[in-house]
Amino acid sequence: MGKHSKLLSIWEHYLTKEIGIEFKACLYFFCILFFYSVYRVIGGSLEANIIHMAEMICLTYIMGYVQVYLLSNFDEGEQLKGKNFFYTILCSVIYTGISYICKWFDRNLWVYIGFALYIVVVYICAFLVYKYKRRLDEKHLNADLKAFQERRKQNE
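Definitions and cut-offs
Residues numbered from 1 in each chain as written. Predicted model: local features only at pLDDT ≥ 70, side-chain atom pairs only at ≥ 80, totals over all residues. Heavy atoms only, no water. Disulfide = S-S within 2.5 Å. 1 Å grid on protein atoms, 1.4 Å probe; cavity = no way out; pocket = protein on both sides within 12 Å on 5 of 7 lines; lining within 4 Å. Points joined across faces, edges and corners; volume = space filled by probe spheres on them. Helix = DSSP H or I, 4+ residues; strand = E, 2+ residues; numbered from the N terminus. Nonpolar A, V, L, I, M, F, W, Y, C, P; charged D, E, K, R; others polar. Phe/Tyr/Trp six-rings, centres within 6.5 Å; stacked < 30°, edge-to-face > 60°. Buried < 20%, exposed > 50% of the residue type's maximum accessible area, 1.4 Å probe, protein only.

A.B. asks: For this particular structure, what's the right way to read the state of the cysteines?
C.D. replies: Disulfide: a covalent bond formed between the sulfur atoms of two cysteine residues. A complete count under the given rule lists zero disulfides for this structure. Here cysteine 31 is not disulfide-linked; the sulfur of cysteine 125 is the nearest cysteine sulfur, at 8.0 Å. Just so you know, cysteine 102 is unpaired, no disulfide at all, and the nearest cysteine sulfur is the one on cysteine 58, 10.0 Å from it.

A.B. asks: How should I be thinking about the layout of surface pockets in this particular structure?
C.D. replies: To find leftover empty space, a probe the size of one water molecule is rolled over the atoms. Taken as a whole, the largest pocket encloses approximately 210 Å³ of empty space. Taken together, Ile19, Gly20, Phe23, Glu76, Val129, Tyr130, Lys133, Arg134 and Asp137 form the lining of the largest pocket. The greatest single-element share of the lining of the largest pocket, amounting to five residues, is contributed by helix α4 (residues 109-155). Looking at the lining of the largest pocket residue by residue, the classes come out as four nonpolar, one polar and four charged.

A.B. asks: So what exactly am I meant to see when it comes to the packing of aromatic side chains here?
C.D. replies: Aromatic rings in a pair are described by how distant their centres are and how their planes are angled relative to each other. Overall, the coordinates contain 18 aromatic pairs when judged by the stated rule. For the ring pair phenylalanine 35 and phenylalanine 105, a centre distance of 5.3 Å and an interplane angle of 85 degrees mean the geometry is edge-to-face. Separated by 70 residues along the polypeptide, phenylalanine 35 in helix α1 (residues 3-42) and phenylalanine 105 in the loop between α3 (83-101) and α4 bring together distant segments of the chain. When sorted by exposure, phenylalanine 35 lands in the same class as phenylalanine 105, which is buried. A ring pair is formed by tyrosine 65 and tyrosine 69, whose centres lie 6.1 Å apart and whose planes are at 15 degrees; its orientation type is stacked. Of this pair, tyrosine 65 and tyrosine 69 are both found in helix α2 (residues 50-70), four residues apart, which corresponds to roughly one turn of the helix. The exposure class assigned to tyrosine 65 is partly exposed, which follows from its relative accessible area of 34%. Overall, the relative accessible area of 41% leaves tyrosine 69 in the partly exposed class. Taken together, the ring pairs connect Phe35, Tyr36, Tyr39, Tyr100, Trp104, Phe105, Tyr112, Phe115 and Tyr118 into an aromatic cluster.

Limitation: the analysis is restricted to geometry and does not speak to function.
This is the structure:
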């Protein structure tokens, strides 16, 4: 393997991780913003605090890096038990703690409890989406392999 090929492989690996982080940040930001928006509408306001939204997007990017590089990309894991479930709870607590510090929900304890439970559900849903995507990818790859093998047999 040449130096150029090795650098390209490293670049592709890095880029794959960065795209995954970008996707996670968008996914989790949307979910958090949805909860925040519902909270604001129920509270009688059709306006959202742009500073809160900036905090949310920054936090989701930071948490994306933490999840990928420090927590074994747990939401894309094979199973959601043991260490991966602990990481789900840990990240939910971090999101809830930061939301409390930044006063996203006006320090209403019941809303923060609801938000924490909501984030756990979001992580479980993300886990299930990633798991289903892996199964679909596997199914497509197996079908492609079978088609390739059949073409190869016909050419022999």
